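Topology and contacts: notes
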Amino acid sequence: MAEGVRSPPNGGGLRFKVRGPREFYGGLALIALAIVAIWASGDLPGMHGFAFGPGTAPRLFATLLAIVGALVALSGMLFDGPPLDSYAIRGPAWVILAILAFAGMIRGVHLGFVTVPPLGLIPSTFAAFMISICGSSEMRWVESLIAAVAMTAFCVGLFVYLLQLPFQLWPWY
Amino acid sequence: MSELLANLALGFSVAAHPYNIGFCLLGALVGTLVGVLPGIGTVATVAMLLPITFGLPPVGALIMLAGIYYGAQYGGSTTSVLVNIPGEATSVVTCLDGHQMARQGRAGAALSIAAIGSFFAGCVSTVLVAALGTPLTSLALLFGPAEYFSLMVLGLIFAVVLAKGSVLNAIAMILTGLLLSMVGSDLETGAGRMTFDIAELSDGIGFANVAMGVFGFAEIIRNLEMSQESRDIVQSKIKGLMPTRQDLIDSSGAIARGTILGSILGILPGGGAVVASFAAYTFEKRISKTPERFGRGEIRGVAAPEAANNAAAQTSFIPLLTLGIPPNAVMALMVGAMTIHGIVPGPQVMTKQPELFWGMIASMWLGNLMLVIINLPLVGVWVTLLRVPYRLLYPSIIVFCCIGIYSINNSPTDVVIAAIFGLVGYWLAKHDFEPAPLVLAFVLGPLMEENLRRAMLIARGDATVFITRPISGVLIAIAASLLVLAALPMIRKRREEVFVE
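So, how was this worked out
Residues numbered from 1 in each chain as written. Chains lettered and ligands numbered in written order. Predicted model: local features only at pLDDT ≥ 70, side-chain atom pairs only at ≥ 80, totals over all residues. Helix = DSSP H or I, 4+ residues; strand = E, 2+ residues; numbered from the N terminus. Rg over C-alpha atoms; globule rule 2.2 N^0.38 Å. Buried ≥ 20, exposed ≤ 12 C-beta atoms within 10 Å, placed from the backbone. Contact = placed C-beta atoms within 7 Å. Expected span 1.5 Å × (residues − 1). Axes fitted to C-alpha atoms, helices over the stretch in contact; angles between N-to-C directions. Left-handed = near helix turned anticlockwise from the far one by under 90°. Nonpolar A, V, L, I, M, F, W, Y, C, P; charged D, E, K, R; others polar. Parallel < 35°, antiparallel > 145°, perpendicular 65-115°, else oblique. Domains from an automatic or database assignment. Core = buried A, V, L, I, M, F, W, Y, C linked by C-beta atoms within 7 Å. pLDDT = per-residue confidence, 0-100.

**Section: the overall build of chain B**
On a plain count of helices and strands, chain B comes out with 21 helices and two strands. Here chain B has a C-alpha radius of gyration of 22 Å; the compact-globule value for 501 residues is 23 Å, and the two agree. Its C-alpha atoms give chain B principal-axis dimensions of about 65 × 60 × 55 Å. For chain B, buried positions account for 62% of its 501 residues. Expressed as a percentage of contacts within chain B between residues at least 6 apart in sequence, the contacts between residues at least 24 apart total 80%.

**Focus on the overall build of chain A**
Helix and strand counts for chain A come out as five helices and two strands. For chain A, the proportion of its 173 residues judged to be buried stands at 34%.

**Digging into the environment of B:P51**
On the secondary structure map, B:P51 appears in the loop between α3 (42–49) and α4 (58–83). Excluding its chain neighbours within four sequence positions, the residues that come into contact with B:P51 are B:A208, B:G404, B:I405, B:S407 and B:I408.

**Here's the deal with helix α12 (residues 300–315) of chain B**
With 16 residues, α12(B) extends 22 Å from end C-alpha to end C-alpha; this agrees with the ideal 22 Å at 1.5 Å per step. The element α12(B) is extensively covered by neighbouring structure, given that 16 of its 16 residues are classed as buried.

**A look at the packing of helix α2 (residues 18–36) of chain B against α4(B)**
All names here are of chain B. Across the interface, α2 lies against α4 with an axial gap of 6 Å and an inter-helix angle of 35°. Where α2 crosses over α4, the two elements pack in a sense that is right-handed. Of the residues assigned to the contact of α2 with α4, the class counts are 19 nonpolar, 13 polar and no charged.

**Regarding the environment of B:S112**
Residue and element names in this part refer to chain B. Along the chain, the position of S112 falls in helix α6 (residues 107–140). On the basis of neighbour count, S112 is assigned to the buried category, with 21 C-beta atoms found within 10 Å. For the pair S112 and G31, spaced 81 residues apart in sequence, the C-alpha separation works out to 18 Å.

**Looking at the interface of chain B and chain A**
Taken residue by residue, the interface counts 58 residues in chain B and 60 residues in chain A. With 11 residues, helix α17 (residues 390–409) of chain B is the single largest residue contributor to the side of chain B that touches chain A. Class assignment of the residues belonging to the side of chain B that touches chain A gives a composition of 35 nonpolar, 10 polar and 13 charged.

**What to know about the packing of α3(B) against helix α14 (residues 329–340) of chain B**
Residues and elements named next belong to chain B. At a closest axis distance of 9 Å, the pairing of α3 and α14 adopts a crossing angle of 10°. On the basis of their axis angle, the class for α3 and α14 is roughly parallel. The two elements α3 and α14 cross, and the hand of that crossing is left-handed. Two secondary-structure elements touch here, α3 through T42, V43, V46 and A47 and α14 through A329, V330 and L333. Residues of the contact of α3 with α14, tallied by class, amount to six nonpolar, one polar and no charged.

**Remarks on the domain arrangement of chain A**
Domain boundaries assigned for chain A yield domain 1 (21–78) and domain 2 (90–162). For domain 1 of chain A versus domain 2 of chain A, the distance between C-alpha centres works out to 38 Å.

**A few points about the nonpolar core**
In terms of nonpolar packing, the biggest core is built from 224 residues, with A:I99, B:V46, B:A47, B:I398, B:C402 and B:V439 touching the most fellow members. In terms of residue count, α6(B) provides more of this core than any other element does, 16 residues in total. In this structure, this core is formed jointly by two domains, domain 1 (21–78) and domain 2 (90–162) of chain A, each of which donates at least three residues. Not counting residues within four places of it along the chain, the set of residues in contact with B:V439 comprises B:G177, B:V210, B:A211, B:V214, B:A329 and B:A332.

**A closer look at the confidence of the model for chain B**
When pLDDT is averaged along chain B, the result is 81; 91% of the residues meet or exceed 70. Under the prediction, the complex receives an ipTM of 0.87, its pTM being 0.81.

**Points about unusual backbone geometry**
All names here are of chain B. Even without glycine at this site, M194 takes up a positive phi of about 50°. Even without being a glycine, N410 presents a positive backbone phi close to 50°. Here N410 lies in the loop between α17 and α18 (412–430). Of the residues examined, N410 has 13 C-beta atoms within 10 Å and is grouped as partly exposed.

Structural data, given as structure tokens:
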């Protein structure tokens, strides 16, 4: 503590200035999660006698989470913290798209009016590789295509032939 | 003593089966292969490679996983020495002196002393695990539900204390993990909990999906946004792989001390391996006559943390195998693997499946031997691997993870869940929340809830039972004081912050 002059307690009371935004918004999100959990487990029976019901523990831990989340948010209001980091869009978007593409292609999927037939391991792997590589700013076509073929071959070799896992390889099988 | 020898003999007869040696070798090899990749830590490696062990028989699968674990750890050290990018916390210390040695053209010596140190530590701690296994298992019989619950609380508190950053954030992660673990059918009544009527969630969220999402995918997304290629690979050819006689003499004491420290710290729940390497390094520096040489390529600064790290990795199996409680995130993954094979980790494993228990212990030693044998000659291969640009590496990892997750249950939904957790992990990192406590709590969740419910039922709803029963009370007291110790400096700092303005 700085000796001598004691600084006045933080201006005029109700000045909501978020000083640690990372903690503040993180805490808020945790509270939101806790509320969702309490709402989602609301229909479950609670304690009967000494015995926990299925809903007891979820509500208990969700309440605790809400309290801790509030403390985290509060400390974000009271104490200085690092500013919010910016979120990259490009990298995450391609990566997630690649994963979803794999999930959709491997067994096929019905999305409302579009129906993707089961395409099998080889096309799914190849497509996921090519989509995810778009997330890098240094993507080069020829190199990527070669790498995608090599990785697909490696995965087929490892999972299908070496580990003997049951996979459908091509759409027509 | 003779019993111990007989047990070890049984273990070696299992582990030395050609198939199991093969699995062990393969695991160590693949573990190193993935662990060497910069930015991928031990936990991520084990999570990623988990699916490839599912097709194997239980003993083989666990032996292979153990091999992967050691391999990943050794791979991480290799990366630290050669590229100065620690894959994770345990390798940070190795970077300090290891990379300096590499710059002085002594990368070979650094790597071989790391391997030798690890091997020595592995030998000692294997015996320790075998010796402590039986007495600790009988201790486990004294444990009722209340004690189990308290022990798990202690483990989680350790994880909180050791997490970097705010204690409050780590506690929040623990609670989030516990909450997530409760999604799915209730164990006793079968009622669907927090499933939002989604059929795929009625079995709960798969553990591998969470781990792969927050460790694997989230890591990649984060690495993508960092400026590419700031790597500093040691370009000079690695020569003189064997350490000199002087190196060996210099480091022998450090290895021995590191082993002892690591073995003790590893048993403690909550991530002993990290503390072990830090503690060993600090200790070594403090007792050294030439502390100024640390950080400038001192071989003891590589030997001690590497030995400690490996000893801790080994002894952290003790709580898992005897009490069924995973002390850190990697062991949590092991529990996940065991459960998939229908093995409930705990004291009964040793009595009911002695060949599995002792086979795994024996394979720890074999795994360490493998590392020495395969890694020293293969250093050149790892160096080549480090030169593969990240833009080609990360799509390969993504594809590999996708296939791995899908293959667990042949379920595309699992892949989607992992993708969601990838985004969650990315968000967590942006807000300084650490994923390791979350994953540990996620695994411990069902066990904790079960024991909490039982303890409360037995005590007729009296919550003081956790404090009044002696063993449980001590455990809770330790947990509470640890928490206070960890929180105090933070509170003090914060108070200063407030007053300084």
